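Spelled out, the chains give:
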Amino acid sequence: MPAPRGDQLTNGSHANDPHDSAYESYLTNMERKKKVTQHRRQFSDGSSLDPNRRKHICIATCNRADYSKLGPIMKAIHVDPELELSVIVLGCHLIDDYGSTYRYIEEDGIPIDSRLHTIVRGEDEAAMVESVGLSMVKLPDVLLRLRPDILLVHGDRFDALSLAASAALMNIRIVHIEGGEVSGTIDDMIRHSITKLSHYHVCCTERAHSRLLAMCEDNERILLAGCTSYDRLLTTNTKNWEGVVNKWVGEGSESRNYILALQHPVTTNIRHSIKMFGLMLDALLQFKQRVIILFPNIDAGSKEMTRLIRLKGIETHPLFRTAKHIPIEDFVVLTANAGLMIGNSSAGVREAGAFGTPVVNLGSRQTGRETGENVLHCREADTTQKIFHSLEIQYQRQFPRSFIYGDGHAIPRILKFLKGINLAGETQKKFVFPPMPESQSKDIDHILETQSALAVDLGGTNLRVAIVSAEGEVLDIVSRLSPKSNEERLELILELLKEQSLKAIKLNCRVLGVGVSTGGRVNPTDGLVMHSTDALEGWHEIDLRTPISGFLHLPVWVDNDGNCTALGERKFGSGKNLDNFVCIATGTGCLKTATSFNSRLPGIGGGLVLEGKLIHGSNFCAAELGHIKVSLEGPDCLCGSQGCMEAYCSGAALTREAEKLHADNELIVNGMTLGEDEEVSAKHLIQASNLGNEKAKAVITLGAKAISTGIISLLHTLNPSRIILCGVLGPVYGEMIREYVRTHSLPTAAKVEIIVSDVAEPALLGAASLVLEYATRRTY
């Protein structure tokens, strides 16, 4: 009866008022919430604990498989004077179609404290989800009544997930058995989810231990005990097999003359697992040996697999026997004496190895687990012939025994571990994350600062370091002559970077990182200059990232100068919003310092952006555009070959031809002057051409044809939407290239846009874009 309210119940006039029933339910719920709160307070902070009382361990078992692992622990706790045992039975244990296996728990003399019917029948995905929900509805009342100190759950079944989630929400400490393993199916997700909900872990193998550590679990709360089933396996007398084998396989059966089959559904691919089960049955029928088949578990798809057993007449076939459940002691004997085990049960990769029993593991359900020599995987299992051939290979073979999963002493270790769990203090779980940089809090200074990058442009003549804003503005730049030795170059780079870092502070710039543009072949993944041209003599196998990053404590990106030019165009120039373009770098202002063909002048470089990605190539040698062959012979190139594009059109090539004309007194024309100490360079050739020198014009025209020929090859190979000409020679060649490409390429390719870049500092901006574009990720 509900408590009286005012005078409503005194005269009986409102005895059946539905509002009274609602109020009674309200009071009941409030009392229940009060108990939950009290329970949480008592068991989350360790208060109200009698130091002399026994530690209360609750073990929940869901099916025949997990009882084979949990049963030995239950028996040991049940007789231990320091521990108190409660047992919850749920799931398939209580279903007759699956053998009503709770009876075996009672036969073992273990009292059952609570039986929960939690399975929603249907054997499909929705039924599994509904079963988890039903379990979580029923479990809180049971856990409130039992009030355990510790809940022990096993494995990777959906029933165990509901147990772990319920206990975690009720601040009950959880010990998870067999975490850290990998099996290759949805079981992995469930198992790892239970791991994250659990406070303590008991694992079976070194690899499982390592995976738990990788999942940020506390090593102090992990016990490497081995598999509890091995405690029973290694002490069971399997030599007296006659009674067990004759009982389950049939009268007259002999040791190693039968097959043990156990196949479960794979819930991530139910249709395929049903088909595989049918193929296995067909192969076993063709193999014509005695077979004992266990029915599958209750996962989605099991109903269809059971129907296949009946459709193929397995239950009435003279060579076949079926079983809903086999007691663990008999199962051990059958496993030890089988000529072969087939299916996808974990027993094949775990328990069978202890006896060297040959196994054919079908499909993906166990392929992630550690196995001994006795296991042959048939991962596809998509034809009867493939499975039949696996049976022929494995049947009656004898393998050495393996003890990957245990040594027979797991139970004593687990009992000691349970007794050592400290019940005082909070139950809030803490994870052990790997060391990582502390996160920076955002404040007004960060908002007011200008995001920027330090950009390094290392050329054969000059070394420049600039502060570049996120908008592409060069805020400050310093330049020095490039030293001759590697040590001096690196020392100068660090010196200029330090100088610019201090300037950045004064300019209220927040430096996000350092980008380095350098000549030569570069491994951008490792920040390594692999080798360079003669322009940077000796610049080979140079690690730039490590010393710069260690010096400034900033992320560092390094790439080839041609690639940087392309990146600069993509972020700040004519390559914006384009997925496919080719950038051709034709040289910088340092051309005017040339004195001879061997002078350290830039050649022709560039970068390729295809499908939105900068192309580096298999060994970082992509986009060496200057070395595209445009002639079978032709002039010598700095690379050692002949007829390369840059041998005709680079600044060095133009300087070479200018020197020849000057030596023959054919360079200087009216309107030109050459100082007494001034050296002839490419700029004089261009000036002479502009003033009507036909021989100078012929040289430049030939250079334009050479670069156009290379461009046509790129158009016909890559089909980019735009060609971008960068550098001081871009305006010189631009119009001639457009005309030549228009008249000498395929009609569709001839429609390509050829644009002369207006980016003033392509290499520096490209180096900056390495930082500004990729500051939140390490690869590009």
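Thresholds applied
- Residues numbered from 1 in each chain as written.
- Predicted model: local features only at pLDDT ≥ 70, side-chain atom pairs only at ≥ 80, totals over all residues.
- Heavy atoms only, no water.
- Helix = DSSP H or I, 4+ residues; strand = E, 2+ residues; numbered from the N terminus.
- Buried < 20%, exposed > 50% of the residue type's maximum accessible area, 1.4 Å probe, protein only.
- Contact = heavy atoms within 4.5 Å.
- Areas by Shrake-Rupley, 256 points an atom, 1.4 Å probe, with all protein chains shown as cover.
- Polar contact = N/O pair within 3.5 Å; in protein donor to acceptor, adjacent residues only side chain to side chain.
- Phe/Tyr/Trp six-rings, centres within 6.5 Å; stacked < 30°, edge-to-face > 60°.
- Pairing = 2+ DSSP bridges.
- Axes fitted to C-alpha atoms, helices over the stretch in contact; angles between N-to-C directions.
- Salt bridge = Lys/Arg side-chain N within 4 Å of Asp/Glu carboxyl O.
- Patch = residues over 30% accessible without salt bridge, like charges linked within 9 Å, V, L, I, M, F, W, Y side chains within 5 Å.
- Expected span 1.5 Å × (residues − 1).
- Bend = angle between axes of the 7 residues up to and from the residue.
- 1 Å grid on protein atoms, 1.4 Å probe; cavity = no way out; pocket = protein on both sides within 12 Å on 5 of 7 lines; lining within 4 Å.
- Points joined across faces, edges and corners; volume = space filled by probe spheres on them.
- Nonpolar A, V, L, I, M, F, W, Y, C, P; charged D, E, K, R; others polar.
- Parallel < 35°, antiparallel > 145°, perpendicular 65-115°, else oblique.
- Left-handed = near helix turned anticlockwise from the far one by under 90°.

Points about the overall build of the protein
Phase 1 of the analysis: Helix and strand content of the protein: 25 helices and 26 strands.
Phase 2 of the analysis: In the protein, which comprises 780 residues, the share counted as buried stands at 54%.
Phase 3 of the analysis: Contacts in the protein between residues at least 24 apart in sequence constitute 68% of all its contacts with a sequence separation of at least 6.
Phase 4 of the analysis: Summed over all atoms, the accessible surface of the protein reaches about 35,200 Å², with 51% contributed by carbon and sulfur.

Quick notes on the side chain of Thr-518
Phase 1 of the analysis: Mapping Thr-518 onto the fold places it in strand 17 (residues 509-518).
Phase 2 of the analysis: The exposure class of Thr-518 is buried, given its relative accessible area of 0%.
Phase 3 of the analysis: Of the polar contacts made by the side chain of Thr-518, one reaches the side chain of Trp-539; its length is 3.0 Å.
Phase 4 of the analysis: When residues no more than four places from it in sequence are discounted, the contact partners of Thr-518 are Leu-458, Val-529, Leu-536, Trp-539, Val-558, Asp-559, Asn-560 and Asp-561.

With respect to the packing of aromatic side chains
Aromatic ring pairs are reported here in terms of the distance separating the ring centres and the angle at which the planes meet.
Phase 1 of the analysis: This model, assessed by the stated rule, comprises four aromatic pairs.
Phase 2 of the analysis: Taking the centre distance of 6.1 Å and the plane angle of 80° together, the rings of Tyr-200 and Phe-417 count as edge-to-face. Of this pair, Tyr-200 sits in strand 6 (residues 200-203) while Phe-417 is found in helix 15 (residues 410-419), placing the two residues 217 residues apart along the sequence. Each member of the pair, Tyr-200 as well as Phe-417, carries the same accessibility label: buried.
Phase 3 of the analysis: A centroid spacing of 5.4 Å and a plane angle of 90° characterise the contact between Phe-287 and Tyr-395, whose relative ring orientation is edge-to-face. A residue pair is termed long-range when its members are at least 10 positions apart, and Phe-287 in helix 10 (residues 270-287) and Tyr-395 in the loop between helix 14 (384-394) and helix 15 qualify at 108 residues. By the burial criterion, Phe-287 is buried, and Tyr-395 matches it.

Re the sheet that holds strand 11 (residues 340-343)
Phase 1 of the analysis: The six strands are arranged 10-9-8-11-12-13 in an open sheet whose pairing can be described as parallel. Edge strands, defined here as strands with exactly one partner in the open sheet, are strand 10 (320-323) and strand 13 (375-378). Sheet twist, expressed as the average angle between the axes of neighbouring strands with direction ignored, equals 20°.
Phase 2 of the analysis: Where strand 12 (residues 359-362) meets strand 13, four bridges bridge the pair, whose relative direction is parallel. Bridge assignment links Leu-362 to a residue of strand 13, and that residue is Cys-378.
Phase 3 of the analysis: Seen against the sheet, helix 12 (residues 328-337) touches strand 8 (258-262), strand 9 (290-294) and strand 11 and runs at an angle of roughly 125° to strand 8.
Phase 4 of the analysis: Set on the sheet, helix 14 makes contact with strand 8, strand 11, strand 12 and strand 13; between it and strand 13 the angle comes to about 170°.

Remarks on the pattern of salt bridges
Phase 1 of the analysis: A full pass over the atoms with the stated rule returns 35 salt bridges.
Phase 2 of the analysis: A salt bridge links Glu-678 to Lys-683; its shortest N-O distance comes to 3.7 Å.
Phase 3 of the analysis: Residue Glu-735 is joined to Arg-738 by a salt bridge in which the shortest nitrogen-to-oxygen separation is 3.1 Å. Within this pair, Glu-735 and its partner Arg-738 are both found in helix 24 (residues 730-744), separated by three residues, close to a single helical turn.
Phase 4 of the analysis: Exposure remark for Arg-738: the relative accessible area of 29% places this residue in the partly exposed category.

Some remarks on a nonpolar patch on the surface
Phase 1 of the analysis: A cluster of nonpolar side chains, Phe-431, Phe-433 and Met-436, forms an exposed patch at the surface whose accessible area comes to about 340 Å².
Phase 2 of the analysis: By secondary structure assignment, the location of Phe-431 is in the loop between helix 15 and helix 16 (444-448).

Quick word on helix 24
Phase 1 of the analysis: For helix 24, spanning 15 residues, the distance from its first C-alpha to its last is 20 Å, which sits close to the expected 21 Å at 1.5 Å a residue.
Phase 2 of the analysis: The largest bend in helix 24 amounts to roughly 30° and is located at Met-736.
Phase 3 of the analysis: Residues of helix 24 that are buried include every one of Gly-730, Tyr-733, Gly-734, Ile-737, Tyr-740 and Val-741, and no others.
Phase 4 of the analysis: The inward-facing, buried residues of helix 24 abut helix 20 (646-649), helix 21 (651-663), helix 23 (694-718), strand 25 (722-726) and strand 26 (753-756).

A look at the sheet that holds strand 19 (residues 528-531)
Strand pairs in the sheet, formed through backbone hydrogen bonds, run parallel or antiparallel to each other.
Phase 1 of the analysis: With antiparallel pairing, the three strands of this open sheet are ordered in space as 18-19-20. Only two strands of the sheet have a single neighbouring strand rather than two, namely strand 18 (521-523) and strand 20 (542-543).
Phase 2 of the analysis: Summarising the sheet, strand 18 and strand 19 pair through three bridges and their orientation is antiparallel. Residue Val-522 lies in a different strand from strand 19, and its bridge partner there is Val-529.

Side note on the layout of surface pockets
Phase 1 of the analysis: Approximately 800 Å³ is the volume found for the second largest pocket.
Phase 2 of the analysis: Where the lining of the second largest pocket is concerned, the elements lending two or more residues are helix 2 (64-78), helix 3 (102-107), helix 6 (186-197), helix 8 (229-233), helix 12 and helix 13 (346-349).
Phase 3 of the analysis: Sorting elements by how many residues they give to the lining of the second largest pocket places helix 2 first, with six residues.
Phase 4 of the analysis: Along the lines of polarity and charge, the residues of the lining of the second largest pocket split into 14 nonpolar, 14 polar and 16 charged.

Points about the packing of helix 10 against helix 14
The description of two packed helices rests on the angle between their axes and on the distance between the axes.
Phase 1 of the analysis: Relative to each other, helix 10 and helix 14 sit at 50°, their axes nearing to 8 Å. Judged on the interaxial angle alone, helix 14 and helix 10 are oblique. Our pair here, helix 10 against helix 14, has a crossing hand that is right-handed. Contact with helix 10, carried on its side by Met-276, Leu-279, Met-280, Asp-282, Ala-283, Leu-284, Gln-286 and Phe-287, involves Thr-384, Ile-387, Phe-388, Leu-391 and Glu-392 of helix 14 and no other residues of that element.
Phase 2 of the analysis: Here the contact of helix 10 with helix 14 is composed, by residue class, of nine nonpolar, two polar and two charged.

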